[in-house]
Amino acid sequence: MPRRNKPSRGRASLPAREVGGATGWASTESAPDGDWLVRSVPGAQATKFYRCPGCDHEIRPGVPHVVVWPADETGSVTDRRHWHRPCWDARARRRPNRW
């Protein structure tokens, strides 16, 4: 008999706005360009190709990087960007090549 994927009784789910920086899996970074939620992706969990907006180069599978999105509640899944960590750290010194 297949298993049922129902939430257990008595466990309240977290409100949507608390997911992210408040739960510990993403950190909040403040900079002149705004507040951002930043999550590190270890190389072992990086399984897809992405394009870094800082250098316009590919982030290949197996390469550690960061995922960044606006910390305010206006951001959505489509606002997430995958950056090389050095490119993210240098964003104040240079403009993104592609966004």
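Anything mentioned here points back to the structure above.
Cut-offs applied
- Residues numbered from 1 in each chain as written.
- Predicted model: local features only at pLDDT ≥ 70, side-chain atom pairs only at ≥ 80, totals over all residues.
- Heavy atoms only, no water.
- Pairing = 2+ DSSP bridges.
- Helix = DSSP H or I, 4+ residues; strand = E, 2+ residues; numbered from the N terminus.
- Axes fitted to C-alpha atoms, helices over the stretch in contact; angles between N-to-C directions.
- Core = buried A, V, L, I, M, F, W, Y, C linked by side-chain atoms within 4.5 Å.
- Buried < 20%, exposed > 50% of the residue type's maximum accessible area, 1.4 Å probe, protein only.

(A) Structural view of the sheet that holds strand E1 (residues 27-31). With respect to topology, four strands assemble into an open sheet ordered E1-E2-E5-E6, the strand pairing being antiparallel. In this open sheet, the two strands that pair with only one neighbour each are E1 and strand E6 (81-83). On average, each strand axis in the sheet is inclined to that of its neighbour by 35°, with strand direction left out of account. As paired elements, E1 and strand E2 (residues 34-41) share five bridges and run antiparallel to each other. Each residue of the ladder has a partner; that of Ala31, found in E2, is Gly34.

(B) Focus on the nonpolar core. Counting 10 residues, the largest nonpolar core is built from Trp36, Val38, Cys52, Cys55, Ile59, Val66, Val68, Trp83, Cys87 and Trp88. Every element with two or more residues in this core is listed here: E2, strand E5 (65-70) and helix H1 (85-89). In this structure, Leu37, Val41, Val67 and Trp69 belong to the second largest nonpolar core, which totals six residues.

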